[in-house]
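As a plain string of letters, each chain reads:
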Amino acid sequence: MTAPATGPSGADRVSAEPEPIKAVPLRHPGQWFAAAIVLVLVVLFVYGAATNSAYAWNTYANYLFDTRILTGMWYTLVLTVLSMIIAIVLGVLLAVMRLSSNPVLRSTAWVYLWVFRGTPVYVQLVFWGLLPAIYKQIDLGIPFVVQFAHFDIQALYSAFIFAMIGLALNEAAYMAEIVRAGVSSVGEGQMEASVALGMSWSLAMRRTVLPQAMRVIIPPTGNEVISMLKTTSLVAAVPFTGDLYGRARDISGVNFEPIPLLLVASTWYLAITSILMVGQYYLERYYSKGASRQMTARQLKAMAAKPSTTIAEGESDERR
């Protein structure tokens, strides 16, 4: 009698398994060549800047933490924050007016955007600086009958306030379009479903539309904040010279060394902008949750750890 056929032994099964693939990464000589060229150029630029007496690095070090520079940086931050707060509030109001079915409100918002987006911000700041010469006083009340309040613009003139108003009114026109684009990006079915559930228009906007629109609103708003920080250097048109650039320019007018003072101002602008960019990154990541199928590094790490945990549990069960 012939012996019954038996399956392959365990050793045969092991030897029959394919060998693991050895992945060899592709070589990119062009990238290394480009990186070498860039590195050489950077080294040459740094060496040239370090040995060039025109940069006056001693003056740069002396004024980098000067109290006048730090005070100017503080005024720049205050101008940026206050102007952006006013611009965001007014921009939301203008966006609502633009989306309104009322033709008067819609036309008024359109004219506002047309004027403030169609003229340079520097020209607008010059007009705000000349406002006391254009309107010496403002009277509130019923025309030709009675006056309730009287404001002397020349007596109330403050360069800081007019600079803040000028920056805010210009930025509100851009924020209105950003908010309008964000609200329009949300499907109409979201509002219809919210109304069907018994929500009012304001509640539906607050609970349903705006949280989804923030994914579109946050990135350009962060860019506008950074742009506002740099636009504060134009408030000399008002004129207001208490900002960072104004302080650096005043100091350079005394010691006749504008280059190191410009480097000082640029250093602080870069430092503040870098902090704002980090904050913008985390805000975008927070409001983009669920918008993409791409997993974060933490999620990929957790998924990679699961198979090993499962295999270890299986081996422990077999040993038992």
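Anyway, here's the lowdown on the structure attached to this text. Because the structure is predicted, anything quoted here is derived from the model rather than measured. (Residues numbered from 1 in each chain as written. Predicted model: local features only at pLDDT ≥ 70, side-chain atom pairs only at ≥ 80, totals over all residues. Heavy atoms only, no water.)

Turning to unusual backbone geometry, a few remarks are in order. When glycine is set aside, most residues are seen to have a negative phi, and most peptide bonds are trans. Cis geometry is adopted by the peptide bond preceding Pro-239, which originates at Val-238 and carries an omega value of 10°. One can find Pro-239 in the loop between α11 (201-231) and α12 (244-255). Positive phi is not limited to glycine here, since Ala-56 has a value of about 50°. Secondary-structure assignment places Ala-56 in the loop between α2 (29-51) and α3 (57-63). The exposure class assigned to Ala-56 is buried, which follows from its relative accessible area of 16%. Of note, Phe-256 is a non-glycine position whose phi angle comes to about 55°, a positive value. Along the polypeptide, Phe-256 turns up in the loop between α12 and α13 (258-287). (Helix = DSSP H or I, 4+ residues; strand = E, 2+ residues; numbered from the N terminus. Buried < 20%, exposed > 50% of the residue type's maximum accessible area, 1.4 Å probe, protein only.)

Below, the discussion takes up the packing of helix α4 (residues 67-99) against helix α9 (residues 159-184). It is the contact of α4 with α9, at a shortest axis distance of 5 Å, that shows an interaxial angle of 45°. Between α4 and α9, the angle is such that the two are oblique. Crossing of α4 against α9: the hand is right-handed. For the contact of α4 with α9, the class distribution of residues is 24 nonpolar, three polar and four charged. (Axes fitted to C-alpha atoms, helices over the stretch in contact; angles between N-to-C directions. Parallel < 35°, antiparallel > 145°, perpendicular 65-115°, else oblique. Left-handed = near helix turned anticlockwise from the far one by under 90°. Nonpolar A, V, L, I, M, F, W, Y, C, P; charged D, E, K, R; others polar.)

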